[in-house]
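Below are the chains, spelled out letter by letter.
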Amino acid sequence: MSPLLEGVALSKSYRQGGEPLEVLRGVSLALQPGEMVVIVGPSGAGKSTLLHLLGGLDTPTAGKVIFQGRNLYALSDRERAQLRNRAFGFVFQFYHLVPELTALENVMLPGWMGNGGGPSAKTAQRARGLLEEVGLGRRLSHHPGQLSGGEQQRVAIARALMNGPELLFCDEPTGNLDSETGSKIVELLVRLNRQERRTLVVVTHETSMTQVAGRVLSLKDGRLWG
Ligand SMILES: Nc1ncnc2c1ncn2[C@@H]1O[C@H](COP(=O)(O)OP(=O)(O)O)[C@@H](O)[C@H]1O
Ligand SMILES: [Mg+2]
């Protein structure tokens, strides 16, 4: 099977003041369709940096990311943003929901951006279905401030699924939750992977997630170890 996404010799340095800070030093990995990869590493190891590079959110200092035969970083910013919106979903530690919008509107948002138009009955219907799927069918008109952390993360997961992404990128998805709520989120991610065959890349410093992963890699000293 050919990989769904491939990172090839990715390096990333941040220039802060004098010496450049080398965070990634030649990281390569290939993600197969339907797998769930968990990348662990201590805080500051470069996990978010790597996830952002793989998801087309940042620019590598060297190397490339191949998705469907195309190098993400050979595309224009606009083309890359379009591809991201269509094919990738993102889940972050602090949810990144729009506080002024309801749960339903937050989930609909990628749908509006995708078709360039405003809210439609079709996007609303799909968003409602996704919120039901994550157990929030009765929270449609709540605003993020009226939801618990775990509920906000469920909204964020539903939003990430809105455009039917081929890949789901999760950055410390349980990092802001108590362990019980966190394990419910892990269960949901595992269900998305095992039952719906969605491909997931999760980066976390929490080693508990390694138990449910199809494959575990560790990021250390700027390199990935199998
Ligand atoms: N925009 C930036 N500019 C300068 N340094 C950064 C920037 N982003 C991250 N870093 C540094 O890169 C290292 C890795 O960061 P990050 O990828 O966020 O690690 P992790 O997610 O594993 O905690 C850290 O030492 C951090 O301080
Ligand atoms: Mg991080």
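Here the structure is shown first, and the text comes after it.
This write-up is about the structure you can find in this document.

The rules behind these values
Residues numbered from 1 in each chain as written. Chains lettered and ligands numbered in written order. Predicted model: local features only at pLDDT ≥ 70, side-chain atom pairs only at ≥ 80, totals over all residues. Heavy atoms only, no water. Pairing = 2+ DSSP bridges. Helix = DSSP H or I, 4+ residues; strand = E, 2+ residues; numbered from the N terminus. Axes fitted to C-alpha atoms, helices over the stretch in contact; angles between N-to-C directions. Parallel < 35°, antiparallel > 145°, perpendicular 65-115°, else oblique. Left-handed = near helix turned anticlockwise from the far one by under 90°. Contact = heavy atoms within 4.5 Å. Nonpolar A, V, L, I, M, F, W, Y, C, P; charged D, E, K, R; others polar.

1. Description of the sheet that holds strand β8 (residues 199-204)
With mixed pairing, six strands are arranged side by side in an open sheet as β6-β7-β8-β3-β9-β10. The open sheet is flanked by β6 (88-91) and β10 (223-225), the only strands paired with a single partner. Sheet twist, expressed as the mean angle between neighbouring strand axes with direction ignored, is 20°. Bridge count between strand β7 (residues 167-171) and β8: five bridges; the pairing is parallel.

2. Observations regarding the packing of helix α4 (residues 121-133) against helix α5 (residues 149-161)
With their axes 9 Å apart at the nearest point, α4 and α5 run at an angle of 135° to one another. As the angle between them shows, α4 and α5 are arranged oblique. As for the relative orientation of α4 and α5, their crossing is right-handed in sense. Only Val155, Ala158 and Leu161 of α5 make contact with α4, whose side of the interface consists of Arg126, Leu130 and Leu131. Counted by class, the contact of α4 with α5 contains five nonpolar, no polar and one charged residues.

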